[in-house]
Amino acid sequence: MKYFILGVLVLFLLYPIAYIIPGALADRTEPYSAELVSAGDHPDRVATVLLSETELGVEGAVRATARTPAVVARGLTLPDALALLRSVRAAGGTLRLEGTLRPTLFYVRQVFQNPYIGECLLASLTVACATTVLATLLTLPLAVWVVRYRFPGRALLGALVLVPLVLPPFVGAIGFRQIFSRFGTLNLCLMNAGLIDGPIDWLGGTGLWGLVAMEVLHLYPIMYLNVAAALANVDPGLEEAARNLGSSEWTLFRRITFPLVLPGYFAGAAIVFVWAFTDLGTPLIFGYRHVLAYQIFDRLSEAESNALGYALVLMTLVVTTGFYGVARWFTARRPYVMLSKGGTGQSLRRAGRWRSAAILGYGGVLTLLAVLPHAAVILTSVAARWSFTPLPSAYTGEYFVLAMTHKLAALSIRNSVVYALASTALDVFLGVAIAY
């Protein structure tokens, strides 16, 4: 069994790396040859493009569009090949470029030398670091309150703060824009109430901090789960001993509790950082192009895959692996050992009226902010008309009927369910086997 598990892990880890590294180091050098794969629905337009941009002549251009696939040009430079590719695509045809593969470090160097790529890398690091820090600030006090105190609604609050975990961030981004855009729900409500004279750009123009806010509202449950689980395993006897020796609550948390929670915290922080750094769906919805994930998608989705895209993937692997390695090193350099674990059920303290109200209010506001964009998505799905009004002016259910009856939509729903169930089953099997 262990060899089977090892083989699966090697396959999943080494196959992408074996595919990405050659792609990042390979250069399609001159000369290029262009092969017309399909002339599309308008072969006359494609023939006109071939006549003007190649040396086929009238008879050769017509013959190439009628008998695809057909080689339409040889010995092209890279700029000419890409120009011909774009022109044929605009005319409705499909072109395939072929060149000689040779190893090169040019595209890897471009990751460091290209100013625009540097800006995208900096933006991705900003989003990942800001998301991790803000998620930490939001969840640390909440985890301490829920795990260490007894108050009415404790179990309900512990369940509600996890709700955003099952809602994808890119879907929430749609509702986020609906609420916080220049003429979204928030601005229209404030203007109707006479509190502001004109719309406020809540997303900050660039969309960077709107992206950070959406990532934080989706990923904070991951941080909360890891910190809460680590707190639940802290020996309460150590905290009681510190209190008996006169330690204040802040000193107790800084010197005893948080060091013992560090392994669980960094496990959550690593997941949040990597997720925010590599997330593609949310930047796509926001239309924010200045992140590495968007640049990778843009280059690798081209008909002729760009080697710079593979170099960016390699850079992403280096950054995420480096962050994980630093986190592991930081938690392992000073080991903290407990004589026993658990027992927090006996260490719960009564929160009191005011503290209970503060905890419930804090958790409720956080959950509301996280769920609000998805509520806007629900309203959008039933809105027949929603333009320059805080809420939809007319409602309909026809979109749900269309989603269930449209062939492509129904197939997409079925595939999503099948893939999710299959991946969950495989993850459970591998995770339990490896942990055992």
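Here's a quick rundown of the structure. For clarity, every value in this text was computed on a predicted model and none was experimentally measured. (Residues numbered from 1 in each chain as written. Predicted model: local features only at pLDDT ≥ 70, side-chain atom pairs only at ≥ 80, totals over all residues. Heavy atoms only, no water.)

**Topic: the overall build of the protein chain**
Right, on to step 1. Counting secondary structure elements, the protein chain contains 18 helices and seven strands.
Right, on to step 2. For a compact globule of 436 residues, the expected C-alpha radius of gyration is about 22 Å, and the protein chain comes in at 28 Å, more than 25% above that figure.
Right, on to step 3. Counting only C-alpha atoms, the protein chain reaches 95 × 60 × 40 Å along its principal axes.
Right, on to step 4. Residues counted as buried form 38% of the 436 residues belonging to the protein chain.
Right, on to step 5. In the protein chain, the proportion of contacts linking residues at least 24 apart, taken out of those at least 6 apart, comes to 75%.
Right, on to step 6. Only carbon and sulfur atoms are counted for the fraction: they give 66% of the accessible area of the protein chain, which is about 24,800 Å². (Helix = DSSP H or I, 4+ residues; strand = E, 2+ residues; numbered from the N terminus. Rg over C-alpha atoms; globule rule 2.2 N^0.38 Å. Buried < 20%, exposed > 50% of the residue type's maximum accessible area, 1.4 Å probe, protein only. Contact = heavy atoms within 4.5 Å. Areas by Shrake-Rupley, 256 points an atom, 1.4 Å probe, with all protein chains shown as cover.)

**Details of the packing of helix α10 (residues 208-232) against helix α16 (residues 353-381)**
Right, on to step 1. One way to put it is that α10 packs onto α16 with a least axis distance of 10 Å and a crossing angle of 120°. Classed by the angle they form, the pair α10 and α16 counts as oblique. Here α10 and α16 pass one another in a crossing that is left-handed. Across the interface between the two elements, Met 214, Leu 217 and Tyr 220 of α10 pack against Leu 366, Thr 367, Leu 369, Ala 370 and Pro 373 of α16.
Right, on to step 2. Of the residues that constitute the contact of α10 with α16, the class distribution is seven nonpolar, one polar and no charged. (Axes fitted to C-alpha atoms, helices over the stretch in contact; angles between N-to-C directions. Parallel < 35°, antiparallel > 145°, perpendicular 65-115°, else oblique. Left-handed = near helix turned anticlockwise from the far one by under 90°. Nonpolar A, V, L, I, M, F, W, Y, C, P; charged D, E, K, R; others polar.)

**Regarding the side chain of Arg 148**
Right, on to step 1. Summarising the element assignment, Arg 148 is placed in helix α6 (residues 115-148).
Right, on to step 2. At 3.3 Å, the side chain of Arg 148 forms a polar contact with the backbone oxygen of Leu 231. (Polar contact = N/O pair within 3.5 Å; in protein donor to acceptor, adjacent residues only side chain to side chain.)

**Considerations on the packing of aromatic side chains**
Right, on to step 1. A complete count under the given rule lists seven aromatic pairs for this structure.
Right, on to step 2. With centroids separated by 6.4 Å and ring planes inclined at 25°, the aromatic side chains of Trp 250 and Phe 253 adopt a geometry described as stacked. With Trp 250 and Phe 253 both in helix α12 (residues 249-278) and three residues apart, the pair spans about one turn of that helix.
Right, on to step 3. On the basis of relative accessible area, Trp 250 is assigned to the exposed category, the value being 59%.
Right, on to step 4. Judged by centre distance (5.8 Å) and plane angle (55°), the rings of Phe 258 and Tyr 265 are tilted. (Phe/Tyr/Trp six-rings, centres within 6.5 Å; stacked < 30°, edge-to-face > 60°.)

**Brief notes about the pattern of salt bridges**
Right, on to step 1. Enumeration over the complete set of coordinates arrives at two salt bridges.
Right, on to step 2. Across the pair Glu 240 and Arg 243 runs a salt bridge whose closest N-O atoms are separated by 3.1 Å. Placement of the pair is Glu 240 and Arg 243 together in helix α11 (residues 236-244), with a separation of three residues, close to one helical turn.
Right, on to step 3. Residue Glu 240 is classed as partly exposed on the basis of its relative accessible area, which comes to 36%. (Salt bridge = Lys/Arg side-chain N within 4 Å of Asp/Glu carboxyl O.)

**Here's the deal with empty space enclosed by the protein**
One water molecule sets the probe size; rolling that probe over the atoms shows where empty space is left.
Right, on to step 1. Applying the stated criterion across every chain yields a total of two cavities of 30 Å³ or more.
Right, on to step 2. Estimated volume of the largest cavity: approximately 60 Å³. (1 Å grid on protein atoms, 1.4 Å probe; cavity = no way out; pocket = protein on both sides within 12 Å on 5 of 7 lines; lining within 4 Å. Points joined across faces, edges and corners; volume = space filled by probe spheres on them.)

**Focus on the state of the cysteines**
Right, on to step 1. The full count for this structure, using the stated rule, is zero disulfides.
Right, on to step 2. Here Cys 129 stays free of any disulfide, with the sulfur of Cys 120 as its closest cysteine sulfur at 16 Å.
Right, on to step 3. Cys 129 sits in the partly exposed class, given a relative accessible area of 39%. (Disulfide = S-S within 2.5 Å.)

**A look at α10**
Right, on to step 1. Between the first and last C-alpha of α10 there are 35 Å, a value that for 25 residues agrees with the 36 Å anticipated at 1.5 Å per step.
Right, on to step 2. The sharpest bend along α10 comes to roughly 40°, located at Leu 219, with the proline Pro 221 sitting one to four residues further on.
Right, on to step 3. With 19 of its 25 residues buried, α10 lies for the most part within the structure. (Expected span 1.5 Å × (residues − 1). Bend = angle between axes of the 7 residues up to and from the residue.)

**Some details on the nonpolar core**
Right, on to step 1. Val 227 and Tyr 265 are the most contacted members of the largest nonpolar core, which totals 71 residues.
Right, on to step 2. No other element matches the 15 residues that α10 contributes to this core.
Right, on to step 3. Among residues more than four places away in sequence, those in contact with Val 227 are Leu 140, Ala 143, Val 261 and Tyr 265.
Right, on to step 4. Core analysis: the second largest hydrophobic core is formed by 20 residues, Val 46, Val 72, Leu 76 and Leu 85 among them. (Core = buried A, V, L, I, M, F, W, Y, C linked by side-chain atoms within 4.5 Å.)

**Let's talk about the environment of His 42**
Right, on to step 1. Along the chain, His 42 turns up in the loop between β1 (26-38) and α2 (43-53).
Right, on to step 2. Remark: the alpha-carbon pair of His 42 and Thr 65, spanning 23 residues in sequence, is separated by 9.5 Å.

**A word on the packing of helix α14 (residues 292-300) against helix α15 (residues 307-332)**
Right, on to step 1. Contact geometry of α14 with α15 gives a least axis separation of 8 Å together with a crossing angle of 150°. Overall, the two elements α14 and α15 adopt an arrangement that is roughly antiparallel. Of the two possible hands of crossing, α14 and α15 adopt the one that is left-handed. Contact residues: Leu 292, Gln 295, Ile 296, Arg 299 and Leu 300 in α14; Leu 308, Gly 309, Tyr 310, Leu 312, Val 313, Met 315 and Thr 316 in α15.

**Some words on the side chain of Glu 215**
Right, on to step 1. In this structure, Glu 215 sits in helix α10.
Right, on to step 2. The exposure class of Glu 215 is buried, given its relative accessible area of 1%.
Right, on to step 3. Dropping the residues within four chain positions of it, Glu 215 is found in contact with Val 127, Thr 131, Trp 275, Ala 276, Asp 279 and Thr 282.

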